[in-house]
Amino acid sequence: MSDLKDLETRLKAWEEKKDVASLPEAVSDLNEPLKVVYTPLDTAGIDYMDKIGLPGEYPYTRGVYPGMYRVRPWAMRLYSGFGTAEDTNRRWKFLLEKGNNGVACAFDLPTQMGLDSDDPEAEDEVGRVGVSIDSLRDMENLYKDLPLDRIVSSFNINAPAAVILAMYVALGEQQGVPPEKLTGTLSNDILCEYVSRGMWVFSAEPALRLTTDVVEYCTRHMPRFYPFNIRGIIMREAGASMVDEAAFAFSNAVDYIQSAVERGLGVDEFARRISFFFSTGTQIFEEAARYRAARRLWARIMKERFSAKDPASMLFRFTGTVGGSFYRAQEPQNNLVRGAYGLLSNVLGGVQGMLHPALDEPFAIPTEETAKLALRTQQICAYETGVTKVVDPLGGSYYVEALTDKLEQDIEKGIQVIDDMGGAVTAIEKGVMQKAIADEAYRVAMEEKSGKRVVVGVNRFQSESSPRKMQYHRFDPGMFERQVARTQEVREERDNRAVAAALDRLKREAAGEENLLPCLVDVVKTYATLGEIMNALKEVFGTFKEPLLV
Amino acid sequence: MRRKIRILMAKPGLDGHDRGAKAVARTFLDEGMEVIYTGLHQSPQQIVNTAVQEDVDVIALSVLSGTHMSVCRKIIQGLKEAGAQDKTLIVGGTIVEEDIAPLKEAGVAEVFPPGSPIDAGVEYLRKRFADRL
């Protein structure tokens, strides 16, 4: 310790001699002061094995796996397009031939909201941002001639997740594939929708029950189907700070886990299938430290709060992306550079998979060229920079370890605030998360307006911008008409008495405590539409009342 | 006593991205204007009804789904039917350049496409309602 005392003396002398106090100040992304330089004094109290440890071992600060990218780089994902069920079906067949067995399904907004294509509220939205699914018939078309026992399906679906899963199970039955052989994931993350994305339907408590029905059903009958992908990204993109993104995502996750445990599931039965999806900005060291902190904190939560015993239950595994909110429409080529730095932040933070946005993200759907550049950004990082050679290369940095500790404390405090008010559902119903997000979004907007927060090419170093050709997802009226006609045909051809009876049974079970998945599988087989099913559930569950605040 | 400018900030349709709507609403509040926020999933008719009930001066729409032409036409029609066509309608969101003129022809007072500064809306209203401020 005499070394540290000596260092302390030398540091003070250096500060005086070099007039360090008169140097310009710097603050973290959250406006907290940063030192000019960090030294062993800042990490003196940290017990290495206790707090930092080794990769692949509790508390996982240095990485979820021992070898990390030395084994293979993070999974490089491209956000691909969508279309009609037939277009998507064709594309998936092509991918399967090429040896790619993973298919990601984006659904249009009406489907995400549990609305049929001919619902007046669905007007102008059918098929625009994803596939339209009104009934089991549409799922059949989507997966026509595709073997469900060889495909990994990823569904970004939340409020109607249980219904979509039921359709998938029913489809499996048609193909002779039992539920336990079906492989895939569901986001199934309704709490995040209430906070920042708006694709909610039911009141929060019944929605949480449905979420847990999905988790229970998957845990018991579909062990290859991961029933969670918990998103911080949505909240970050809505304006949440890097601390709140983690605090709110973890609070939501805690509610889901609590609900599953109360249902009678052992935490080690399902927790290994939890994964997260976060958004990363360009503050390289803070972001990397944040993910190190997140790993340590999540492991502690699983061990201390939920008494997890299986190491696999304690892992903060995440897909990262560079948040589209960090990109700008002005001088879009700059986004390529922003993307590279954000990607580096993710990699230094130990990400498992990356969905990298294309440079034209602020105003267009990716072209083949910009999608390729996004992939190249990842490949150059993985294969040309050497960052994959050694695990957690920033570990031991006085600055990064100090940041890691601070961020862990801050995130933990954020979770405590939510806990103290009764948990995520209460916080959401009261608008607490929403307000924190709106406050931070406004703070950042004002900092950009004043120039305190520099955005190159936008509020500093501007040049004459040439107007860009903006695109958005087109609404195809022809496709809309065909979809509506198909759904009406389904309604005419099915046994409507069976549908009515099935929906009655659903309402009875919804009012009770059964797991609704088995009933939903039967209901979807009658070709009841998604809208009809969701309306029936709405009668029992009620709809969410959004706290109105700006 | 001059009456404060009353603004209805509205989110029509299914799109749930409200970061811009909320931040812009705050710039109005900072200016001393009154803001009523509708929340998400509003139909054009609901927006018209609320605008009339709340006796607002301005309807500010945030549309990020590309449905702005259709939504604006319906709201303008609804306002006419309610005898409330004197209300100022402004729209912000993912609006392509070539839609700006048709929107204005249809009756939209001002359009704020991507890249608009955060205070462009309040600047516009300051000028338009100069006599009231």
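**Q** Can you help me understand the overall build of chain A in this one?
**A** When you go through chain A residue by residue, the secondary structure sums to 21 helices and eleven strands. Here the C-alpha atoms of chain A give a radius of gyration of 25 Å, agreeing with the 24 Å that 2.2 N^0.38 yields for 550 residues. C-alpha extents for chain A along the principal axes are approximately 90 × 55 × 50 Å. Out of the 550 residues in chain A, the part that is buried amounts to 46%.

**Q** So what exactly am I meant to see when it comes to the overall build of chain B here?
**A** For chain B, the count of helices and strands is five helices and five strands. Listed by position from the N terminus, the elements making up chain B come as β-α-β-α-β-α-β-α-β-α. Its C-alpha atoms put chain B at 40 × 35 × 25 Å along the principal axes. Look at the contacts in chain B between residues 6 or more apart in sequence, and 72% of them connect residues 24 or more apart.

**Q** Looking at this structure, I do not really get the sheet that holds strand S3 (residues 58–63) of chain B. What am I missing?
**A** Two pairing modes exist for strands in a sheet, parallel and antiparallel, and in both the strands are linked by backbone hydrogen bonds. All names here are of chain B. Read from one edge of the open sheet, five strands run S2-S1-S3-S4-S5, paired in parallel fashion. For this open sheet the edge positions go to strand S2 (34–37) and strand S5 (110–112), each flanked by a neighbour on one side alone. Each strand of the sheet is rotated relative to its neighbour by a mean of 20 degrees, with strand direction disregarded. Of the pairings in the sheet, the one linking strand S1 (residues 6–10) to S3 comprises four bridges and is parallel in character. Across the sheet, residue Met 9 finds its bridge partner in S3, namely Ala 60. Along the sheet, helix H1 (residues 19–30) contacts S1, S2, S3 and strand S4 (88–93); its crossing angle with S2, the most-contacted strand, is approximately 160 degrees.

**Q** Can you walk me through the sheet that holds strand S9 (residues 276–280) of chain A in this structure?
**A** Residue and element names in this part refer to chain A. If you trace the five strands from one edge of the open sheet to the other, you get S3-S11-S10-S9-S8, paired in parallel fashion. Strands at the two margins of the open sheet, each flanked by one partner only, are strand S3 (75–77) and strand S8 (230–231). Alignment of strand S10 (residues 318–322) against strand S11 (residues 353–355), held across two bridges, turns out to be parallel. Each bridged residue has a counterpart across the sheet, and for Gly 320 the counterpart in S11 is Met 354.

**Q** Got a minute to help me understand the interface of chain A and chain B in this structure?
**A** Often the size quoted for an interface is simply the accessible area lost on bringing the parts together. Listed by partner, the interface residues are 27 residues for chain A and 25 residues for chain B. Looking at the side of chain A that touches chain B, the elements with two or more residues in it are helix H4 (109–112) and helix H17 (432–450) of chain A. At five residues, the largest contribution of residues to the side of chain A that touches chain B is made by H17 of chain A. A class-by-class count of the residues in the side of chain A that touches chain B yields 17 nonpolar, four polar and six charged.

**Q** Would you take a moment to explain helix H5 (residues 120–128) of chain B for this structure?
**A** Quick reminder: α-helices carry 3.6 residues per turn. Residues three or four places apart thus point the same way. Residues and elements named next belong to chain B. Looking at H5, one finds that the buried residues are Gly 121, Val 122 and Leu 125. Buried positions in H5, seen along its axis, are confined to an arc of 90 degrees and lie on one side of it. If you follow the buried residues of H5, they end up packed against H1, S3, S4 and S5.

**Q** Even after reading the chapter, I still don't get the packing of helix H19 (residues 496–511) of chain A against helix H20 (residues 517–525) of chain A, so can you show me in this structure?
**A** The relative placement of two packed helices comes down to the angle between their axes together with the axis-to-axis distance. Residue and element names in this part refer to chain A. The interhelical angle for the contact between H19 and H20, taken along N-to-C directions, is 165 degrees, at an axis separation of 9 Å. With respect to each other, H19 and H20 are oriented roughly antiparallel. Here the hand of the crossing between H19 and H20 comes out left-handed. Between H19 and H20, the contacting residues are Ala 502, Leu 503, Arg 505, Leu 506 and Glu 509 on the first element and Cys 519, Asp 522 and Val 523 on the second.

**Q** Teacher, can you tell me more about unusual backbone geometry here?
**A** A negative phi holds for most residues other than glycine; trans holds for most peptide bonds. The omega torsion of the bond from Tyr 58 of chain A to Pro 59 of chain A falls at 0 degrees, within 30 degrees of zero and hence cis. In this fold, Pro 59 of chain A is placed in the loop between helix H2 (48–52) and S3. The phi angle at Asn 188 of chain A is positive, at roughly 50 degrees, despite the residue not being glycine. The exposure class assigned to Asn 188 of chain A is buried, which follows from the 27 C-beta atoms found within 10 Å. A positive phi angle, near 50 degrees, is found at Asp 55 of chain B, a position not held by glycine. Looking at the element boundaries, Asp 55 of chain B is found in the loop between helix H2 (44–53) and S3.

**Q** Quick question: what am I supposed to make of the environment of Leu 30 of chain A here?
**A** All names here are of chain A. Position of Leu 30 among the secondary structure elements: in the loop between strand S1 (26–27) and strand S2 (33–34). Taking the C-beta count within 10 Å as the criterion, Leu 30 has 16 such neighbours and is therefore assigned partly exposed. Through-space distance from the C-alpha of Leu 30 to that of Lys 5 is 31 Å; in sequence the pair is 25 residues apart. In this structure Leu 30 touches Ser 241 and Val 243, once residues within four positions along its chain are discounted.

**Q** Explain the pairing of strand S6 (residues 183–186) of chain A here, please?
**A** Within a regular strand, the side chains alternate between the two sheet faces. All names here are of chain A. Burial of S6 is two-sided: the residues Thr 183 and Thr 185 facing one way and the residues Gly 184 and Leu 186 facing the other way are all buried. One ladder, built from four bridges, connects strand S5 (residues 152–155) with S6; its direction is parallel. The residue bridging Ser 153 from the neighbouring strand is Gly 184, located in S6. The handedness of the S5 to S6 crossover, carried by helix H6 (residues 161–175), is right-handed.

**Q** Is there a simple way to explain the packing of helix H12 (residues 284–305) of chain A against helix H13 (residues 333–348) of chain A in this structure?
**A** Residue and element names in this part refer to chain A. Viewed as axis vectors pointing N to C, H12 and H13 meet at an angle of 30 degrees, and their least axial separation amounts to 8 Å. Our classification of the angle between H12 and H13 gives roughly parallel. For the pair H12 and H13, the sense of crossing is right-handed. Contacts from Ile 284, Glu 287 and Ala 288 in H12 reach Tyr 341, Leu 344, Ser 345 and Leu 348 in H13. For the contact of H12 with H13, the residue count by class is five nonpolar, one polar and one charged.

**Q** What is the right way to look at the environment of Asn 252 of chain A in this model?
**A** Residue and element names in this part refer to chain A. When you line up the elements, Asn 252 lands in helix H10 (residues 242–262). You can call Asn 252 buried: it has 28 C-beta atoms within 10 Å. For the pair Asn 252 and Ile 380, spaced 128 residues apart in sequence, the C-alpha separation works out to 35 Å. Ignoring any residue separated from it by four or fewer positions in sequence, one finds Asn 252 in contact with Leu 191, Cys 192, Ile 230 and Ala 424.

How each quantity is defined
Residues numbered from 1 in each chain as written. Chains lettered and ligands numbered in written order. Predicted model: local features only at pLDDT ≥ 70, side-chain atom pairs only at ≥ 80, totals over all residues. Helix = DSSP H or I, 4+ residues; strand = E, 2+ residues; numbered from the N terminus. Rg over C-alpha atoms; globule rule 2.2 N^0.38 Å. Buried ≥ 20, exposed ≤ 12 C-beta atoms within 10 Å, placed from the backbone. Contact = placed C-beta atoms within 7 Å. Pairing = 2+ DSSP bridges. Axes fitted to C-alpha atoms, helices over the stretch in contact; angles between N-to-C directions. Nonpolar A, V, L, I, M, F, W, Y, C, P; charged D, E, K, R; others polar. Arc of directions from axis to C-beta. Parallel < 35°, antiparallel > 145°, perpendicular 65-115°, else oblique. Left-handed = near helix turned anticlockwise from the far one by under 90°. Right-handed = clockwise from strand over helix to strand, strands pointing away.

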